[in-house]
Amino acid sequence: MAETPRVPVPPQARRLSVQQRLSALEAEQNQLRQELVTLQGEVRLPGLYLTVEAGDTTALVPARQVQEVVRLVALDPLPGAPVHVSGSFVYRGSPAVVVDVARLMGVRRTPDLDSLLVVVDAGRMVALLVDRVKDLVETPVLVDGSQSGEEKLPWDGTGLMAGLCRTPEGLRPLLRTSALLNGTEGL
C-alpha cells in the first residue's frame, strides 16, 4: 500500500489550532465549575474579584471590569462635581473621572500620596481612588443580593452595593460599578 505524502503544516496554523482548542477547553472548564457550584447548593459568583480598601472599608470589585491599577496622579478639578468626585485625569488618551470610594461612603479624609487608582470600565472610564489593593478572590459566595447585582438592596442606603459576599477573610460588600457615577452625568 502506498504511503500518503505528508504536507507540512505551517507553525502559525498549528499555533492557531492549539490556541482554539485551549480556549474551548477553558470555556468548558468554567462551565463545569459553575455547574459544580450549583450542585453544592450555594451561589458563587463566577470569576475573579479584586479586594480594595478605602477608608477602613474593604470591598470587592469584579476583576473583569478592571482595566489597570495605577498610582495616584495629579488630578484636574471638576467644578460643580459632587464631593466624592476628586477630579479627572487622562488615562491612555481618554478622560477618566476619579471617584473617592471612602468619601462616597461618607468618610471625610485626605488621601495619602501612596493611594491607588483602580481604573474600571463602568460604561464610561472611571478610576476608583482607594487606599490599597489587597488581593484577588476567586468565586466568592454570594450571601445577600442577586447574581445580576442590579437590584438595590434594602440595607444599602447608598445604592453602591450589589450584594454581600463571603470570602476567606470574612464578609465583603460587592461594589456596583454602574452606580459609581450617579450625579456625575454632566461632568
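For clarity, every value in this text was computed on a predicted model and none was experimentally measured. Along each chain, residue indices are assigned from 1 in the same order as the chain's sequence is written. Only residues with pLDDT of at least 70 get local features here, since the model is predicted, and only at 80 or more are side-chain atom pairs given and counted; chain-wide, interface and lining totals rely on the full set of residues. Computation of side-chain values: all heavy atoms of the structure, hydrogens and water removed.

A few points about the overall build of the protein chain
Then comes step 1: The helix and strand inventory of the protein chain stands at 2 helices and 11 strands.
Then comes step 2: Numbering of helices and strands runs from the N terminus; a helix is a DSSP stretch of H or I covering at least four residues, while a strand is a stretch of E covering at least two. Listed by position from the N terminus, the elements making up the protein chain come as α-β-β-β-β-β-α-β-β-β-β-β-β.
Then comes step 3: By definition, residues are in contact when any of their heavy atoms lie within 4.5 Å. Once local pairs closer than 6 in sequence are excluded, the contacts in the protein chain between residues at least 24 apart make up 57%.
Then comes step 4: Using the Shrake-Rupley algorithm and a 1.4 Å probe, accessible areas are obtained, with residue cover drawn only from the displayed protein chains. For the protein chain, the accessible area works out to roughly 11600 Å², and carbon and sulfur atoms hold 53% of it.

Details of the sheet that holds strand β5 (residues 94–100)
Then comes step 1: Pairing between strands requires that DSSP locate at least two bridges from one strand to the other. Here we have 5 strands laid out as an open sheet, ordered β3-β6-β7-β5-β4, and mixed in their pairing. Among the strands making up the open sheet, the edge pair consists of β3 (66–71) and β4 (85–91). Looking at each pair of strands side by side, their axes are set apart by 30° on average, direction ignored.
Then comes step 2: Here strand β6 (residues 116–121) runs beside strand β7 (residues 125–130); their pairing, made up of 6 bridges, is antiparallel. Its bridge partner being in β7, L116 is matched across the sheet by V130. Here an angle of 0 to 180 degrees is reported between the N-to-C directions of two axes, which are lines fitted to C-alpha atoms, with helices fitted over the stretch in contact.

Some points on unusual backbone geometry
For residues other than glycine, phi is negative in most cases, and the peptide bonds are mostly trans.
Then comes step 1: One non-glycine residue with positive phi stands out, namely R92, at about 50°.
Then comes step 2: Note on placement: R92 falls in the loop between β4 and β5.
Then comes step 3: Here the term buried applies to any residue with accessible area under 20% of the maximum for its type, exposed to any over 50%, and partly exposed to those in between, with areas from a 1.4 Å probe on protein chains only. On the basis of relative accessibility, which here comes to 66%, the residue R92 falls in the exposed class.
Then comes step 4: Look at T139: it is not a glycine, yet its phi comes out positive at around 40°.

Some thoughts on the pairing of β6
Then comes step 1: For β6, the buried fraction is high: 5 of the 6 residues fall into the buried class.
Then comes step 2: Between the antiparallel neighbours β6 and β7 lie 3 residues, among them G123 with a positive phi of about 90°.

Brief notes about the pattern of salt bridges
Then comes step 1: We define a salt bridge as a contact between a side-chain nitrogen of Lys or Arg and a carboxyl oxygen of Asp or Glu at a distance within 4 Å. Under the counting rule described, the total for this entry stands at 5 salt bridges.
Then comes step 2: For E53, the salt bridge identified is with R132, shortest N-O distance 3.1 Å. Note that E53 is positioned in strand β1 (residues 48–54) and R132 in strand β8 (residues 132–138), a separation of 79 residues in sequence.
Then comes step 3: On the basis of relative accessible area, E53 is assigned to the buried category, the value being 15%.
Then comes step 4: Exposure remark for R132: the relative accessible area of 45% places this residue in the partly exposed category.
Then comes step 5: The partner of K134 in a salt bridge is E53, with the nearest N and O atoms 3.6 Å apart. Of this pair, K134 sits in strand β8 while E53 sits in strand β1, placing them 81 residues apart in sequence.
Then comes step 6: Ionic contacts of the salt-bridge type, sharing partners, join the residues E53, R132 and K134 into one network.

Section: the environment of V120
Then comes step 1: In this structure, V120 sits in strand β6.
Then comes step 2: What makes V120 buried here is its relative accessible area of 0%.
Then comes step 3: Note: C-alpha distance between V120 and R64 (56 residues apart in sequence) is 8.8 Å.

Remarks on the confidence of the model for the protein chain
Then comes step 1: As a per-residue measure, pLDDT reflects the predictor's confidence and takes values from 0 up to 100. Taken residue by residue, the protein chain gives an average pLDDT of 82. The fraction at 70 or more is 80%.
Then comes step 2: The spread of mean pLDDT over the elements of the protein chain runs between helix α1 (residues 11–40), the lowest at 73, and β3, the highest at 96.

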